[in-house]
Amino acid sequence: MILLKHFRHYYLKYGLAFLIGIAILVAVDWYQLEIPRIIKVIINGVEGGTITVMDQLWTPLLTILGIVAGMTIGRFLWRITLIGNSRRIETDIRSEMFKHATKLDQNFYSNEKIGGLMSYFINDLNAVKELYGFGLLMLIDGLVLGGFVLVRMFSLNWEMTLYAAIPLAFMGVLVFFLELKMEKKFKLRQDSFEKMSDFAQESFSGITVIKAYVREAVESLRFKKKSKDVFDKSMDHLKYSVVVNVIIDAMISLVILAILAFGAILIAKGNLSSGELTEYISYFFTLLWPVFAISWFMNINGQAQASAKRIYEFLESKPSVVDAPTAIKDVTLDGSISVKHLTFTYPDSETPTLKDMNFDIKAGEMVGILGRTGSGKSTLVELFLHLYNTEKGMITFGGYDLMDLSLATLREHIGYVPQDNFLYSDTIKNNIGFAFSRIDEDRLIQVAKISDIHENVMEFKDRYETMLGERGVTISGGQKQRVSIARALAKEPKILILDDSVSAVDTKTEEAIISNLRKVRKGKTTLMIAHRISTVRKLDKIVVIDQGRVAGVGSHAELMKTLPLYQEMVKLQELEELVGEVEAHA
Ligand code: ATP
Ligand code: MG
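What you see is a predicted model; the values in this text were computed from it and never measured.

1. Observations regarding helix 14 (residues 441-450)
Here is step 1: Within helix 14, burial applies to Arg443, Leu444, Val447, Ala448 and Ile450. End-on view of helix 14: buried residues confined to an arc of 160°, all on one side of the axis.
Here is step 2: At the C-terminal side of helix 14, Asp452 shows a positive phi close to 60°.

Structure representation (structure tokens):
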């Protein structure tokens, strides 16, 4: 139950600290039960006339004081040890989860919302940590102290203890069933919370859209509904917890009443001394903590089990894109790419996105990949990066089958500028040097110059130390694209893939970047995805993609002669440029 399968090994890792904590706990629990005994001796002594002067009380009182002091220190020690362990375990699990998350494939991230993933890291991990900290502490303390107390109560008066134990046992069973129900309610609450955090996250990311469409009030209302749902589910869960605790309280009051009545009869009959009844009642009060502790533990355990299950499922989710045991490592690819009968269907899609593609790219070529929006250009390069699996023989790099190459070896050869240009909230320098722990200053400036961003950066107050994103300046779409290009260039990759990476810059800047690339990328392969003819017309070769198929391959001049689709695209774009110019002059 508490030994959660996935996390069991942590008990071994922190085993010594656990054992020390538990040993101190047992000692504290044992000595604390000496106090009622000493009190009994005092009461019986005073009543029986053996204790007559104050001096006789010093020894028992000082013993009690000593025990209390020892208990305080002991409690501090075992709590800090056991709760400290829970924090260590939490940190370890969190690192394991993050490491696992980075290994999961693209498909996982398309299906899973970021908010949901974050709730594994925050809510679920917290529930598991509580189980390892307070939960475990309460369970052990409850069992040890409860066990000791029951033994003493039985030896003092077994009959009275049986009467007290029957309702207590009944209470245990009741709590167990309520706890089962509580677990379900907690899960409902957690799911609802996840939906709400997803919604909030998406709203913040899309705040500009919300404002532009004047949807603030409507979105707030939608959020309120989600928040109300979380509230309802929380209340439902809370009601159950409260019911459990109130029932326990009521039962305890009834049992105390019964003990008092039963004890009074025994005293009247002369079978029990008043000192013994006091001792017995103090034991019973001591027994309350174990009963509460165990019921709390069940509560925490219910939540933690639901959370732990989600964490396991997450940790056990296997990435589908992994290295084969025989994956080829440490080879140098020459930069050539061959695509043969490449057909690809997204895992959650029914129709293929890429259909029977065939073309070759020679090492060192500058190749344009041109196609209308949605034609499959980004999909194609994502396959080059092995973000999704393809069949063997469909894609080869320098003679090596993509499916045989180790992921790291393949990706080390590729510099990729994704279409969405993701940059970190970090300095420009660290963004460009992302592939390295430290980037050389000369190299930094060199790649920034090739990407035509150097002059822009020099205009910023902090230059390359300028912070980007949430914690710093917001740069334009075109500047973002160029910082991303510099980041990919810094790797000096054998194959550079630019996915629509100059779409947000003007044609003059575009020309400058292309001519810079031509100079520095001699002998290395460069793929440029584009919509605009101007981006690709001067490249060595253009692969035209239409609805997931290769419509034609050749230079600009060749395609102008042979491919009607290309001629059409050229005509259309010339017309667009003309309209643009006329509008500009009007
Ligand atoms: P653009 O020029 O607009 O960037 P593109 O040529 O890069 O377009 P892709 O992004 O490759 O087009 O998309 C090709 C098709 O695959 C589209 O119809 C798109 O809806 C679909 N698609 C893209 N990503 C996924 C995904 N993760 N799951 C299912 N289908 C997808
Ligand atoms: Mg695309």
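2. Considerations on the coordination of the magnesium ion (ligand 2)
Here is step 1: Within the first shell, the magnesium ion (ligand 2) binds the protein through Ser378 (OG) and Gln419 (OE1), at distances of 1.9 to 2.2 Å. Of this pair, Ser378 sits in helix 11 (residues 377-384) while Gln419 sits in the loop between strand 6 (414-417) and helix 13 (428-432); the two residues are 41 residues apart in sequence, bridging distant segments of the chain.
Here is step 2: For Gln419, a relative accessible area of 39% gives the class partly exposed.

3. What about the site of ligand 1?
Here is step 1: Taken together, 14 residues form the shell around ligand 1, and within it Thr373, Lys377, Ser378, Thr379 and Gln419 come nearest.
Here is step 2: Between ligand 1 and Thr373, the relevant distance is 2.6 Å, taken from an oxygen atom to a side-chain nitrogen or oxygen of the residue.
Here is step 3: Within the backbone of Ser375, a nitrogen or oxygen atom sits 3.2 Å from an oxygen atom of ligand 1.
Here is step 4: Relative to its unbound accessible area of 640 Å², ligand 1 is 65% covered by the protein chains.
Here is step 5: Of the residues contributing to the shell around ligand 1, the split by class is two nonpolar, nine polar and three charged.

4. With respect to the environment of Leu539
Here is step 1: Structurally, the position occupied by Leu539 is in the loop between helix 18 (533-536) and strand 9 (541-546).
Here is step 2: Taking C-alpha positions, Leu539 is 97 Å from Glu159, a pair spaced 380 residues apart along the chain.
Here is step 3: Apart from residues lying up to four places away in sequence, Leu539 is in contact with Met366, Val367, Gly368, Ile514, Arg518 and Met528.

5. Description of the side chain of Ser484
Here is step 1: Within the fold, Ser484 resides in helix 16 (residues 477-489).
Here is step 2: In this structure Ser484 comes out as buried when scored by relative accessible area, which is 0%.
Here is step 3: A distance of 3.1 Å separates a polar atom in the side chain of Ser484 from a polar atom in the side chain of Asn421.
Here is step 4: Apart from residues lying up to four places away in sequence, Ser484 is in contact with Val417, Asn421 and Leu423.

6. Considering the environment of Gly393
Here is step 1: Summarising the element assignment, Gly393 is placed in the loop between helix 11 and strand 4 (395-397).
Here is step 2: Residue Gly393 is classed as partly exposed on the basis of its relative accessible area, which comes to 37%.

7. Notes on the pairing of strand 9
Here is step 1: Most of strand 9 is tucked away: five of the six residues are buried.
Here is step 2: Note: strand 3 (residues 366-371) against strand 9, five bridges, orientation parallel. By the bridge assignment, Gly368 is partnered in strand 9 with Ile542.
Here is step 3: Pairing geometry for strand 9 and strand 10 (residues 549-554), over five bridges, is antiparallel.

8. Here's the deal with the packing of helix 7 (residues 158-205) against helix 9 (residues 216-269)
Here is step 1: The N-to-C vectors of helix 7 and helix 9 enclose an angle of 170°; their axes lie 9 Å apart at closest approach. Taken as axis vectors, helix 7 and helix 9 run roughly antiparallel relative to one another.
Here is step 2: Class assignment for the residues of the contact of helix 7 with helix 9 results in 27 nonpolar, seven polar and eleven charged.

Cut-offs applied
- Residues numbered from 1 in each chain as written.
- Chains lettered and ligands numbered in written order.
- Predicted model: local features only at pLDDT ≥ 70, side-chain atom pairs only at ≥ 80, totals over all residues.
- Heavy atoms only, no water.
- Buried < 20%, exposed > 50% of the residue type's maximum accessible area, 1.4 Å probe, protein only.
- Helix = DSSP H or I, 4+ residues; strand = E, 2+ residues; numbered from the N terminus.
- Arc of directions from axis to C-beta.
- Donors = N, O, S within 2.8 Å, 3.2 Å for Na, K, Ca; no water.
- Near = heavy atom within 4 Å.
- Polar contact = N/O pair within 3.5 Å; in protein donor to acceptor, adjacent residues only side chain to side chain.
- Areas by Shrake-Rupley, 256 points an atom, 1.4 Å probe, with all protein chains shown as cover.
- Nonpolar A, V, L, I, M, F, W, Y, C, P; charged D, E, K, R; others polar.
- Contact = heavy atoms within 4.5 Å.
- Pairing = 2+ DSSP bridges.
- Axes fitted to C-alpha atoms, helices over the stretch in contact; angles between N-to-C directions.
- Parallel < 35°, antiparallel > 145°, perpendicular 65-115°, else oblique.

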